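# Breakdown of the fold
This is what each chain is made of:
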Amino acid sequence: MVSHFFPALRMLIALTVLTGLVYPLVTTGIARVAFPSASSGSLVERDGKVVASALLGQSFSSPRYFWSRPSATLPQPYNGAASSGSNLGARNPALAEAVAARVAALRTADPGNTAPVPVDLVTASASGLDPHVSVAAAQYQVARVARARGLSTSVVEALLATHTEGRTFGVLGEPRVNVVQLNLALDRAGP
Amino acid sequence: MNAAGWMQMAVYVAVLLLLAKPLGAYMGAVYEGRATRAQRVAGGIERVLYRAAGVDPGRGMTWVEYALALLWFNLLGALAVYGMQRLQGMLPLNPQDFAGVSPDSAFNTAASFASNTNWQGYGGESTMSYLTQMAALGVQNFASAATGMAVLVALIRGLTRRQVDDIGNVWFDLVRSIVYILLPLSLLLAVALASQGVVQTFDRYTAVALIEPTTYDALAKDAAGAPVVDAQGKPATERVTVAEQVVPLGPAASQIAIKQLGTNGGGFFNVNSAHPFENPTPLSNFLELLAILLIPAGLCYTFGRMVGDMRQGRALLAAMTVVFVALASVTYWLEGAGNPSLAQAGIDAIATAVNPGGNMEGKEVRFGIAASTLWAVATTAASNGSVNAMHDSLVPLAGLVPMWLMQLGEVIFGGVGSGLYGMLVFAILAVFIAGLMVGRTPEYLGKKIGAFEIKMASVVILVPPFLVLGGTALAVMLEAGRAAVANPGGQGFAEILYAFSSAANNNGSAFGGLSANNEFYNTTLGVAMLFARYWLIVPVLALAGAFAAAKHVPASEGTLPTHTPLFVVVLLGTVLTVGALTFVPALALGPVVEHLLLHGTR
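Quick notes on the rules
- Residues numbered from 1 in each chain as written.
- Chains lettered and ligands numbered in written order.
- Predicted model: local features only at pLDDT ≥ 70, side-chain atom pairs only at ≥ 80, totals over all residues.
- Heavy atoms only, no water.
- Helix = DSSP H or I, 4+ residues; strand = E, 2+ residues; numbered from the N terminus.
- Rg over C-alpha atoms; globule rule 2.2 N^0.38 Å.
- Contact = heavy atoms within 4.5 Å.
- Areas by Shrake-Rupley, 256 points an atom, 1.4 Å probe, with all protein chains shown as cover.
- Lys, Arg positive; Asp, Glu negative; His and termini not counted.
- Charge placed at Lys NZ, Arg CZ, Asp CG, Glu CD.
- Buried area = accessible area lost by both parts, 1.4 Å probe.
- Salt bridge = Lys/Arg side-chain N within 4 Å of Asp/Glu carboxyl O.
- Polar contact = N/O pair within 3.5 Å; in protein donor to acceptor, adjacent residues only side chain to side chain.
- Nonpolar A, V, L, I, M, F, W, Y, C, P; charged D, E, K, R; others polar.
- Pairing = 2+ DSSP bridges.
- Bend = angle between axes of the 7 residues up to and from the residue.
- Buried < 20%, exposed > 50% of the residue type's maximum accessible area, 1.4 Å probe, protein only.
- Core = buried A, V, L, I, M, F, W, Y, C linked by side-chain atoms within 4.5 Å.

## Let's talk about the overall build of chain B
Broken down by element type, chain B carries 18 helices and 5 strands. Relative to a compact globule of 602 residues, whose C-alpha radius of gyration would be 25 Å, chain B shows 24 Å and is just as compact. In terms of principal-axis extent, the alpha carbons of chain B reach across some 85 × 60 × 50 Å. Sequence-distant contacts, at least 24 apart, represent 80% of the contacts inside chain B between residues at least 6 apart. Within the structure as shown, chain B displays about 19,700 Å² of accessible surface, and the carbon and sulfur contribution to it stands at 66%. For chain B, the separation between the mean place of its 30 positive charges and that of its 33 negative charges on side chains is 15 Å.

## Focus: the interface of chain B and chain A
Interfaces are often sized by the amount of accessible area the parts lose when they come together. Between chain B and chain A, the residue contacts involve 117 residues of the former and 106 residues of the latter. Between chain B and chain A the total buried area reaches about 8,900 Å² when both faces are included, carbon and sulfur atoms providing 67% of it. The tally of links from chain B across to chain A stands at 3 salt bridges. Note that A:D130 is salt-bridged to B:R366, the shortest N-O span being 3.9 Å. One can count 40 residue pairs in polar contact (both at pLDDT 80 or more) joining chain B with chain A. Per-element accounting of the side of chain B that touches chain A gives the leading share, 11 residues, to helix 7 (residues 170–196) of chain B. A per-class count over the side of chain B that touches chain A returns 73 nonpolar, 31 polar and 13 charged.

## Observations regarding the pairing of strand 2 (residues 49–53) of chain A
All names here are of chain A. Pairing of strand 1 (residues 43–46) with strand 2 involves 4 bridges; the strand directions are antiparallel. If you follow L43 over to strand 2, its bridge partner there is S53. Following strand 1, the chain reverses through 2 residues before pairing antiparallel with strand 2; D47 in that reversal takes a positive phi of roughly 50°.

## A look at helix 2 (residues 36–53) of chain B
Residues and elements named next belong to chain B. At A42, helix 2 shows its largest kink, close to 65°. Of the residues making up helix 2, those classed as buried are A38, A42, G43, E46, L49, Y50 and A53. G54 lies just past helix 2 and shows a positive phi near 65°.

## Remarks on the nonpolar core
Residue and element names in this part refer to chain B. In this structure, F324 and Y444 are the most contacted members of the largest nonpolar core, which totals 230 residues. When neighbours within four sequence positions are excluded, Y444 is seen to be in contact with L159, F303, L316, L424, A427, I428, V431, I449 and T562. Core analysis: the next-biggest nonpolar cluster, separate from the first, contains 12 residues, A110, F113, A135 and A136 among them.

## Quick notes on the pattern of salt bridges
A full pass over the atoms with the stated rule returns 21 salt bridges over all chains. With a closest N to O distance of 2.8 Å, A:D187 and A:R149 form a salt bridge. Here the residue A:D187 occupies a position in helix 5 (residues 179–189), and A:R149 occupies one in helix 3 (residues 135–149), the gap between them amounting to 38 residues. Counted as one network, the salt bridges with shared partners bring together A:R69, A:D130, B:E364 and B:R366.

Structure, rendered in structure tokens:
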């Protein structure tokens, strides 16, 4: 009964050194040399200041920016310290109310736009940190952003086109737009 | 739904089946003591481990010895996880200065990671130090996966040996699983993930200056930190502006690689593989998704090779694949149709080339509907439990699918090792039932199935349903169980049923609305995980011992061949009938009633 105790203990310690220390250290070494930016948060600088991670979304509410998807993190949206989805069930009245309020907010910010709102723009992401919106959700916002910035829609559309990513290998994932990078590009483009 | 979505599923299944065969052959060689080319590289590490533990890997063990050594190894592993969580405040590699974890949460997490469940009662980025993640949770990711694989190998050996009491050496099986299979695959995957943007660093969390500061309503607090109420007695709010965003970091890629490959599933961050730092691109998603089912699928070939009849392994793999593809298709179709309760809101939920459409609540745009539903089905078919979308927000019948896959006993691929030994137990039951129908003594792979074998198989099949239904019943009777529910109606019941289905089948995924990080759920779910793991492992090892001791019965005219399409149908009939009869009443109270109300009240 107890004759297996010490072998088990010694094996656990040996495996802890191998899989709990050596393995993550070797991985970190390789990642740091081969992918220094990607392995340390994909940080983006502007004028010498770190303003974003290219992979973490941010909250935007000014009409001058493209808006991100709703985020369910607490206490503020896009809180990087506590990722979370809404976990609202499909039939929960709170979900329908939240979606209706988001649709109303989009309509208020752009009264002339009566097109139906792409679903991803009014539903909360799984992580609360989704950096992307669908291409349709970005197109929906082009007229508002162009007006608020005094740019022509063709300029904004061209920027949007350069920031649209397709499916990987034409098959995997969904076509999408990184809102953080698109908004940084907008700021670079002018007023 | 669109062609691209169906295409993704087809590519996934094709690549999986293509890779499973060579990997399965390699794993067979590893357990037979060969794989000489790999031995040249890793043989040194292997020998160091045996020497460090003071064991002789060549010494055969009886099933009792094998089980005792394995239980000690698992118990000590769980204690190490518990201790490290409690003491992490005093240990190094804790750049965020997280305090020790509470006793009930630490117990739950220790039980969870030792039993290969990897249920997350905690939020990783706000609870666990880097040391706890690596040296406690990460080690159990390897150890618990290797435990499952070792038990499977012992069972296969039992089936192939004749009139001996030796089922192999547990240290040989554990060490070779880790050194030759799990570790090299993890290193490859971890580096690939880091190239995509999964973080892998020991730096402390950093912060970025937001492009546009965020203003939000927060609950007002007075100087002492107590909440303030307004004139109507409601909690008062105040406008707060934040100008920074925390960027959580850590050695995540190494952890995520093994949690996918070892069907562990416990994420580095709270939202698991939905987090952009845990799963940043469609390619990282595909690789992680592949890693979920790769080893369980490969082990079917390993089984075929080790019993000397590849057709036996292919029959089991075919049975698993049929159920997987059918349920993945149904789930994609249900989620692609969207949420009818939002139909009046003025939204566009039709999938096009620029719009993912469907039910996007709780999903990430880079994955869309197809890659999210495929993951939900794969992670619950296997006992992985990682998520890239929030299962609580699936439409009711789509949420039923992952729940039922767990309730089937995690045998559709299942956990590494544990899925296949579970399926072999169902195969034993299937030949027994078939034998009763034709009035012959049932046998499987030349071993007679007698009273003892059927008793052990029954224990393996009945323990999880007992824990699922008993636990759920207990929780809904107690205030502590009901208070944790987030969604009203049948969905709230489904949250509880899902939690116990997950714990008692060692899956680890959740309907995340349930606030399970409290004494009641930490304790009951922790106990369910332990029983579900070890009350299955011991009878399976007893079966291995009984088979090894038995004579070989040559196949006769009355033997039911176990590699034919007919057997695949009989096997699936057994799995699905047991699963359906046991759980349909409970499922009717949760997802089914929700589905009817969702579609009926408009």
